[in-house]
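Structural overview for review
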Amino acid sequence: MSKRFRLLVLACVLLVLIGVPAASLWWMTAVPGRSFDGPLPRLSAPQTDLAARLQAHVRAIASVPHNVNHPQALEASASHIETGLQGLGYAVQRQPFAVGGLEVRNIEAVLDPARPATETLVVGAHYDSWGESPGANDNGSGTAAVLELARLLVDLRGRSALRIRFVLFVNEEPPYFRTREMGSLVYARRLVASGERIRGMLSLETMGFFSDRDGSQHYPSPFNLFYPRRGNFIAFVGPLSARGLVRESVGTFRAVAEFPSVGGTAPGAIQGINWSDHWAFMQVGVPALMVTDTAPFRYPHYHSAEDRPDKIDYDRLARVVTGLERMLRRWASPPAG
């Protein structure tokens, strides 16, 4: 075997061992647009009001533990959600089901489109908390964001180019996660069975903690090689099957939002990729992603008794919700003329 041939074989081996994984990682992490950089602009008057509204929701929903082990608090959280949606003029739909002798429910409000046959987008969050945690960030922040998006987009009712289903799920947290009693799985199965055309699902999950400190953000390896070290961004994360939805979401968000963002997809086996209600929609073949501050990879109070309303950065959460509202409005706005 000549030296030249041996070098050619070695180059081919290196291409397989290094080039293919590198190309795969690039494919998973490549998203359109450029993340916002630099000082954040001052909050507008509507954003200041939005921050106060978000805080009021989180305090009402997630000041104490609320789950099936704390049924009265869970009911109080559900009642706040329903009252808020009804006050916006939505017809609130309950989806009750039994868990261990206790009736729990998903809660839905629908932004009706201009044409009944149009596609559906689900925007959802779970409203239960884990164990003895108040769950202010996980997931009072996501629940508050859904409620405020329903308010901000209500003017599109009856003329939207999309049917948007705003849904608050029960039983996301253990011991129900990835079981048939997980609220989002109950909901997703029924929605798919209805035959409705579903464009995708956005799971708003743990969205309220940000840090400008270098090294405040962590990742499962090898994604630490690709993403920022400061936890000052919002992330759009999904499985490989949702790559198109992730890229569309990040591209639109970056075009309309003045807030740092990252995005990417990965196999479901990667830690954290499917840790929310989008997992349930993946099981029924619906493209789904998670909008998140990355939870335990940044937030020091994840699943703890310290996950209280005073730990949330409501000003930055308001900026994220503003960006999501503009993103959804662009998708849902009827064509000119």
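Report on the accompanying structure. Residue numbering note: each chain is counted from 1, following its sequence as written. Local features in this predicted model are restricted to residues of pLDDT 70 or higher, and side-chain atom pairs are both shown and tallied only at a pLDDT of 80 or more, whereas totals for entire chains, interfaces and linings draw on every residue. Note: side-chain values were computed over all heavy atoms of the structure, leaving out hydrogens and water.

1. Digging into the side chain of histidine 126
Quick reminder of the rule: Numbered from the N terminus, helices here are DSSP runs of H or I no shorter than four residues, and strands are runs of E no shorter than two. Two residues form a contact once any of their heavy atoms are found within 4.5 Å.
If you trace the backbone, histidine 126 turns up in strand S3 (residues 120-126). Once you skip the residues sitting within four places of it in the chain, histidine 126 turns out to touch Asp138, Asn139, Thr143, Phe169, Glu172, Glu173, Glu205 and Asp277.

2. Digging into the pairing of strand S4 (residues 163-169)
For the record, the criterion: Classification of residues uses two cut-offs on accessible area relative to the type maximum, computed with a 1.4 Å probe and protein chains only: under 20% is buried, over 50% is exposed, and between them is partly exposed. Only strands that DSSP links by at least two bridges are regarded as paired with each other.
Counting buried positions along S4 gives seven out of seven residues, so the element sits mostly inside the fold. Across the two faces of S4 the burial is the same, with Arg163, Arg165, Val167 and Phe169 and Ile164, Phe166 and Leu168 all buried. Where strand S2 (residues 102-111) lies against S4, five bridges are found, and the strand directions are antiparallel. Note on S4: the bridge partner recorded for alanine 109 is phenylalanine 166.

3. Here we look at the pattern of salt bridges
So the rule is basically this: Any Lys or Arg side-chain nitrogen found within 4 Å of a carboxyl oxygen on Asp or Glu counts as a salt bridge.
Within the structure shown, the criterion is met by 19 salt bridges. A salt bridge links lysine 311 to glutamate 306, with the shortest nitrogen-to-oxygen separation between them at 3.8 Å. We classify lysine 311 as buried; its relative accessible area is 19%. Look at glutamate 306 and you get partly exposed, because its relative accessible area is 35%.

4. With respect to the environment of methionine 290
Mapped onto the fold, methionine 290 is located in strand S8 (residues 288-292). The exposure class of methionine 290 is buried, given its relative accessible area of 5%. Once the C-alpha coordinates of methionine 290 and leucine 162 are considered, the two residues, 128 residues apart in sequence, prove to be 20 Å apart. Beyond its immediate sequence surroundings of up to four residues, methionine 290 is in contact with Ser203, Glu205, Ala235, Phe236, Val237, Gly272, Ile273, Trp275, Ser276 and His278.

5. Points about helix H2 (residues 45-61)
Each α-helix winds once per 3.6 residues, and so residues spaced three or four apart point in a common direction. Definition in use: What a helix is expected to span follows from its residue count: subtract one and scale by 1.5 Å. Here the arc refers to the set of directions running from the helix axis out to each C-beta atom.
Between the first and last C-alpha of H2 there are 25 Å, a value that for 17 residues agrees with the 24 Å anticipated at 1.5 Å per step. Gln47, Leu50, Ala51, Leu54, His57, Val58 and Ile61 are the residues of H2 that are buried. Down the axis of H2, the smallest arc covering the buried residues is 130 degrees, so these residues share one side. Those residues of H2 that are buried are in contact with helix H3 (71-87), helix H4 (136-152) and helix H8 (314-332).

6. Overview of the layout of surface pockets
Basically, it comes down to this: Residues are called lining when one of their atoms sits within 4 Å of a cavity or pocket point, these points coming from a 1 Å grid over the protein atoms alone, where a cavity is a set in which a 1.4 Å probe fits but cannot get out and a pocket is an open set with protein on both sides within 12 Å along at least five of seven lines. Grid points are joined across faces, edges and corners, and a volume is the space filled by probe spheres set on the points. Gly counts as polar in this scheme, as do all residues outside two lists: the nonpolar Ala, Val, Leu, Ile, Met, Phe, Trp, Tyr, Cys and Pro, and the charged Asp, Glu, Lys and Arg.
Quantified by volume, the largest pocket comes out at close to 500 Å³. Forming the boundary of the largest pocket are 35 residues, of which Gln271, Gly272, Ile273, Met290 and Phe297 lie nearest the centre. Within the residue set of the lining of the largest pocket, elements represented by two or more residues are strand S6 (234-239), strand S7 (261-266) and S8. The dominant element in the lining of the largest pocket, judged by the number of residues it contributes, is S7, at five residues. The residue makeup of the lining of the largest pocket, split by class, is 20 nonpolar, 11 polar and four charged. Considered as a void within the structure, the second largest pocket measures approximately 240 Å³ in volume. Considering the residues around the second largest pocket, the lining is formed by 15 residues, among which Phe36, Asp37, Gly38, Asn232 and Pro260 are closest to the centre. Grouping the amino acids of the lining of the second largest pocket by side-chain chemistry returns seven nonpolar, four polar and four charged.

7. Considering unusual backbone geometry
Cis geometry is adopted by the peptide bond preceding asparagine 139, which originates at aspartate 138 and carries an omega value of 15 degrees. Structurally, the position occupied by asparagine 139 is in helix H4. Along the chain, proline 174 connects to proline 175 via a cis peptide bond; the corresponding omega equals 10 degrees. With respect to the secondary-structure elements, proline 175 resides in the loop between S4 and helix H5 (183-193). The backbone phi angle of threonine 294 is positive, close to 85 degrees, even though this residue is not glycine. Its location among the elements puts threonine 294 in the loop between S8 and H8.

8. Some remarks on the packing of aromatic side chains
To be explicit about the condition: Under the pairing criterion, centres of Phe, Tyr and Trp rings, with the six-membered ring standing for Trp, must be within 6.5 Å; the plane angle then separates stacked pairs below 30 degrees from edge-to-face pairs above 60, leaving the rest tilted.
Using the criterion set out here, one finds 10 aromatic pairs in the structure. Relative to tyrosine 187, the ring of phenylalanine 169 has its centre 5.7 Å away and its plane inclined at 65 degrees; by these criteria the two rings are edge-to-face. Of this pair, phenylalanine 169 sits in strand S4 while tyrosine 187 sits in helix H5, and the two are 18 residues apart along the sequence. The exposure classification of phenylalanine 169 matches that of tyrosine 187, with both residues buried.

9. Digging into the environment of leucine 225
Secondary-structure assignment places leucine 225 in the loop between strand S5 (198-205) and S6. Classification of leucine 225 as exposed rests on a relative accessible area of 66%. Between the alpha carbons of leucine 225 and threonine 143 there is a distance of 32 Å; along the sequence they are 82 residues apart.

10. Things to note about the packing of H2 against H8
Going by this rule: The convention used is that axes are lines fitted to C-alpha atoms, helices contributing only their stretch in contact, and that angles between N-to-C directions extend from 0 to 180 degrees. Angle categories are assigned with fixed cut-offs, so that under 35 degrees is roughly parallel, over 145 is roughly antiparallel, 65 to 115 is roughly perpendicular, and the rest are oblique.
Contact pair H2 / H8: the axes reach a minimum separation of 8 Å and the direction vectors enclose 110 degrees. The orientation of H2 relative to H8 falls into the category roughly perpendicular. The segment H2 lies against H8, with Gln47, Leu50, Ala51, Leu54, Gln55 and Val58 engaging Tyr314, Asp315, Leu317, Ala318, Arg319, Val321 and Thr322.

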